[in-house]
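Read off the chains here:
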Amino acid sequence: MSTSEFDRAPVPPSHLQPARHFAASYAGEHAAGTEFVIGATFVAWGVGTMDILWGLLLGNLLAVLSWALICAPIAVDTRLTLYAYLEKIAGKGMVRLYALVNGVMFCVLAGAMITVSASAVRILFDLPAQVHWYPTSAGFVLVAVAVGLVVAAVATKGFTLVAKFAEVCAPWMVLMFLVGGIALLPLLAEATPGVDGVGSWADFRRIADTHIWRDSQGELGFWHVTAFAWICNLAMHGGLADMTILRFARKSQYGYFSALGMFIGHFMAWVCAGIMGAGAALLLTTPINQLDAGAVAFQALGAAGILAVIIAGWTTANPTIYRAGLAFQSLKPSLSREKVTAVTGVITTLIACFPFVFTKLLDFVGLMGLTLAPVGAIIVTEHWLFPCIGLTRYWTSYSQRFINWPALITWLAALLFAFALNQAGVHLFFLLLPAWAFTMLAYTLLARAFGAKVKHSAAMLGGQAAEAGRKQREANYLAHLKQHQHTPADSGRNLFGFASMALLLLCLALALLTFSHSIDFNHFHRYLAWATFSYFAAALLWLWEQNRRDQQLARAGSSEETNPA
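What you are looking at is a predicted structure, and each value in this text was computed from that prediction instead of being measured. Numbering of residues begins from 1 in every chain and follows the order in which that chain's sequence is written. Owing to the predicted nature of the model, reporting of local features is limited to residues with pLDDT of at least 70; listing and counting of side-chain atom pairs is limited to 80 or more, with chain, interface and lining totals taken over all residues. For side-chain calculations, the full set of non-hydrogen atoms in the structure is used, while hydrogens and water are omitted.

1. Considering the overall build of the chain
So, point 1. Helix and strand counts for the chain stand at 21 helices and zero strands.
So, point 2. Three exposure classes are used, based on accessible area relative to the maximum for each residue type with a 1.4 Å probe and protein chains only: buried under 20%, partly exposed in between, and exposed over 50%. When burial is assessed residue by residue, the chain has 57% of its 565 residues classed as buried.
So, point 3. Here, residues are in contact when the closest pair of their heavy atoms is within 4.5 Å. In the chain, once contacts between residues fewer than 6 apart in sequence are set aside, the share between residues at least 24 apart is 85%. What counts as a helix is a DSSP run of H or I of at least four residues, what counts as a strand is a run of E of at least two, and both are numbered from the N terminus.

2. With respect to the packing of helix α3 (residues 49–78) against helix α7 (residues 201–212)
So, point 1. Whenever a helix is involved, its axis is fitted only over the stretch in contact; in every case the axis is a line through C-alpha atoms, and angles between N-to-C directions fall within 0 to 180 degrees. It is at 9 Å that the axes of α3 and α7 come closest, and there the two elements cross at 105°. Here α3 is positioned roughly perpendicular relative to α7, judged by the angle of their axes. Two secondary-structure elements touch here, α3 through Thr49, Met50 and Leu53 and α7 through Trp201, Arg205, Ala208 and Asp209.
So, point 2. Taken together, the residues of the contact of α3 with α7 sort by class into four nonpolar, one polar and two charged. When describing relative orientation, an angle under 35 degrees is termed roughly parallel and one over 145 degrees roughly antiparallel, while 65 to 115 degrees is termed roughly perpendicular and anything else oblique. Here the nonpolar group is Ala, Val, Leu, Ile, Met, Phe, Trp, Tyr, Cys and Pro; Asp, Glu, Lys and Arg are the charged ones; every other residue, Gly included, is treated as polar.

3. Let's talk about the pattern of salt bridges
So, point 1. Criterion for a salt bridge: a side-chain nitrogen of Lys or Arg within 4 Å of a carboxyl oxygen of Asp or Glu. Tallying each qualifying case throughout the model produces one salt bridge.
So, point 2. The salt bridge partner of Arg205 is Asp209, with a shortest N-O separation of 3.4 Å. With Arg205 and Asp209 both in helix α7 and four residues apart, this pair spans about one turn of that helix.
So, point 3. Owing to a relative accessible area of 28%, Arg205 belongs among the partly exposed residues under this scheme.

4. Regarding a nonpolar patch on the surface
So, point 1. A patch consists of residues exposed above 30% relative accessible area that lack any salt bridge, with like charges linked at up to 9 Å and nonpolar side chains (Val, Leu, Ile, Met, Phe, Trp, Tyr) linked at up to 5 Å. Using the Shrake-Rupley algorithm and a 1.4 Å probe, accessible areas are obtained, with residue cover drawn only from the displayed protein chains. A cluster of nonpolar side chains, namely Leu61, Leu65, Leu69 and Tyr256, defines an oily patch on the protein surface of about 350 Å² accessible area.
So, point 2. Tracing the chain through its elements places Leu65 in helix α3.
So, point 3. Overall, Leu65 belongs to the partly exposed group, its relative accessible area being 33%.

Structure below.
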């Protein structure tokens, strides 16, 4: 077992992470390069402006509540990975099958992120845009391989390094979506009849209705946008894959940090990506479905846009490969997570050579969520519902069964049920709720019939005692952290932090100057590149100082863990 990541055991108190890691991780992971693709896809859907805006608000709110009220509480209560906890509930046999399916799907998703990063790098080498599911350039394949290997190298180092990588990148990267949208709006305004500028909400509506979200009165509408925004990350929250990340959280309330990903990384990024996509299509006189993420970002942000797409892909691919590595490592726990993640990174890199992301991403995301979510429903049912109705939690583990047949049968039946509904005309995006309800009911009835109502008193008492001891040690450690949380900060760390914030504000100021026609687009691109490089220099120095302080605090607190009061 990898002692640094606690793949098979609960995370000990000294390895719990502060709130800022989760804020940065969610903001960074969900402001990904694929947001350029999804933002452009919304434009191509032909859904009206208000349907897009209100649908994204409601759908992303539902996603946040799924993370905060379902996934995070279970993760913090158990401190286990999804696979370790599923083994207690469903047995080793079920875990191996689920981990294989989960790992493959996460590899495909991470490969899509690497493809998007490669779409930016290819501009540096004047390679053609990749808008088919297969590669049309050997040079692009070489670029995808190079980018993938770098991403995999970071992912093998574990959650802490992944989170710290996002902590530096996320603030700047999120800002780049906003900056690009602001800078390109005047261009769209100039091309809109009857609009002299963007001076009011009415001006923005006319620009959006004319060039961005043009309502085609098609089959897709408000509820489709809402449902997609909710299920876009269904595997992570409804499928409980983010137990893997949130098990490091000091409080279950950290699940609400997903709002940074949903409302900044998704809502704002998708809206701004739509604006940038429409602006880039206008500049290049090319249909938006013929542009990849790199082309859109380069037109909007210049050299900083290339870096934005590269980093946006990295910050999402890193935790996704980490999740996939944990999935595959659960198939053979004796193997180290680092080695398994490295092999997973190689597989993901090969997948990244096929740029399906630009044509099939939304369908894959919906299918992935629907495939994995029933297992999340099984875990939720056993974790919360079973104790309330008199059934035994972990009954499969106490009976020492290799596989929980009710769980496996329910999972497969839920997929067949969802497929039947889809064939009957229910849209893919609307299958979550009926499939979730079917899973909870079917698993409860089958588990009761297979022996979940049998009590295992001795084993249950022993497990409860061990769990109570673990939670007491955790409470002692968190009390220690609270006592020392107001330790004065280092002046060097403050200096670098202030410099980083000032440079981010400079990036925003450059966009506003472009918006007001105070500087032209070429100067905007040039100054933005210099501000970007300066930001990363200051932010990395800030992170180095912050990491040094965190290590000192963890060493001081380790005595509280080993010698509880």
